[in-house]
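# Examining the three-dimensional arrangement
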Amino acid sequence: LPGYSDETPPGVTPVECVVRGLEVQVFDLGPLLEDAATVVDFLLFSIVELRTGAWYHNISMTAEHAALLMDPPAHARVEDGPEGCGCVAQGRVNVTLRPDASGTILLLVTVTDVGEEGLPTVAVTNTATITVVAVNDAPSFLLATPLLLVTQDGGAFALPGFASAVSAGPLDEQDQALTFHVKRISGPMEGEVAQLDALPVVTPEGTLELAVGSALGSRGSGNTTWEVYLQDNSGVLNTGHDTSPSIYFRIEVMKRPAAV
C-alpha cells in the first residue's frame with residue numbers, strides 16, 4: 001500500500017509516539033444460509049494506527065476450515081478509511097463458498113508495518129469468522145416403471161429396484177434417515193374391491209412390496225393410481241426442504257385366465 005499522509009486534521013493535536021501502535025479490527029460475517037450466495041463480498045477489517053506518521057502496510061490472509069471455500073480468499077481491496085472513523089484503511093474481500101457445505105471459516109488477517117526511522121517492524125493478526133448455516137436439501141429418487149401389470153390372485157411379492165437412484169442429498173446429508181410414503185390417488189378404495197390385500201409399500205432401499213388379492217371375477221381386477229414421495233428426517237429449518245417431488249405410478253390387476 002502507498003504511505004499514508006501524516007497531515008494533522010483540523011482541531012487535532014499531534015502526539016509524538018516513540019513506539020507505534022497498530023490495531024486490526026475485523027468484522028465477522030454471517031450467519032449465511034448454505035447455497036444462498038456463491039460469491040460474498042464484505043468488509044473484513046479496518047486498520048487503526050495510534051501514532052502520526054506514514055509507513056507501509058503488508059497484508060496477508062490465510063483461511064482455516066478452507067474446505068468450505070472454492071478458492072483461497074482473494075487479496076483484500078484496501079481503501080482509505082472514512083473520515084473521522086479513527087482508521088487509516090479498510091479492507092474488503094470476496095470469498096467463493098463451496099456449494100452444499102456448512103460450518104465455520106476462520107480468516108486470519110495479518111497486517112505488518114515495515115519498520116522505518118529506526119522503529120521495529122510490527123505485525124498484528126486478528127481473526128474474522130464466517131458462519132455458514134446448513135440448509136437441508138430435498139431427497140430424490142427415480143421409479144423403474146410408471147405401470148405395474150399383475151395378475152389377480154398373485155399373492156405377495158417384492159420388486160427390488162422399483163425405486164432407484166435413492167439419494168438423501170449432497171455428501172453432508174448422507175446420514176439422514178429416509179422414508180417412502182405411498183398414497184392412493186384414484187381407483188377403488190381399500191375394502192371396496194379385493195384387488196390388493198394390503199397397501200403398496202416401498203422400503204428405504206427402493207423395494208416395492210405388494211400383495212395382490214385373491215378374489216376372482218371383476219372384483220379382483222381393475223387399476224389404481226398411486227403417488228409416492230421420499231422424505232428425510234432433517235426438517236425444513238432455514239428454508240430447507242425435506243420432501244422430494246412426487247412420482248405417480250399405476251397398478252393394473254388383470255383377470256386370471258380362465259381354466260381350459
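Provided above is the structure to which this section pertains.
Right, let's walk through the structure included here.

### Quick look at the packing of aromatic side chains
- As enumerated under the stated definition, the model contains two aromatic pairs in all.
- Geometrically, the ring pair formed by Phe 141 and Phe 180 is edge-to-face, given 5.1 Å between the ring centres and 90° between the ring planes. Placement of the pair is Phe 141 in strand E9 (residues 140-143) and Phe 180 in strand E13 (residues 178-186), with a sequence separation of 39 residues. As far as burial versus exposure is concerned, Phe 141 and Phe 180 are alike and both buried.
- Arranged with centres 5.1 Å apart and planes meeting at 75°, the rings of Phe 162 and Phe 249 form a pair that is edge-to-face. You can see Phe 162 sitting in the loop between strand E11 (155-159) and strand E12 (163-167) and its partner Phe 249 sitting in strand E17 (residues 247-254), a full 87 residues away along the chain. The same class applies to Phe 162 as to Phe 249, namely buried.

### Regarding the sheet that holds E11
- Across the sheet, three strands lie side by side as E11-E15-E14; this open sheet has antiparallel pairing. At either margin of the open sheet sits one strand with a lone partner, and together these are E11 and strand E14 (196-202). Sheet twist, expressed as the mean angle between neighbouring strand axes with direction ignored, is 10°.
- The pairing of E11 with strand E15 (residues 208-212) spans five bridges and is antiparallel. Directly across from Ala 156, in E15, lies its bridge partner Ala 211.

Criteria and cut-off values
- Residues numbered from 1 in each chain as written.
- Predicted model: local features only at pLDDT ≥ 70, side-chain atom pairs only at ≥ 80, totals over all residues.
- Heavy atoms only, no water.
- Phe/Tyr/Trp six-rings, centres within 6.5 Å; stacked < 30°, edge-to-face > 60°.
- Helix = DSSP H or I, 4+ residues; strand = E, 2+ residues; numbered from the N terminus.
- Buried < 20%, exposed > 50% of the residue type's maximum accessible area, 1.4 Å probe, protein only.
- Pairing = 2+ DSSP bridges.
- Axes fitted to C-alpha atoms, helices over the stretch in contact; angles between N-to-C directions.

Taken by themselves, the reported measurements are silent on function.
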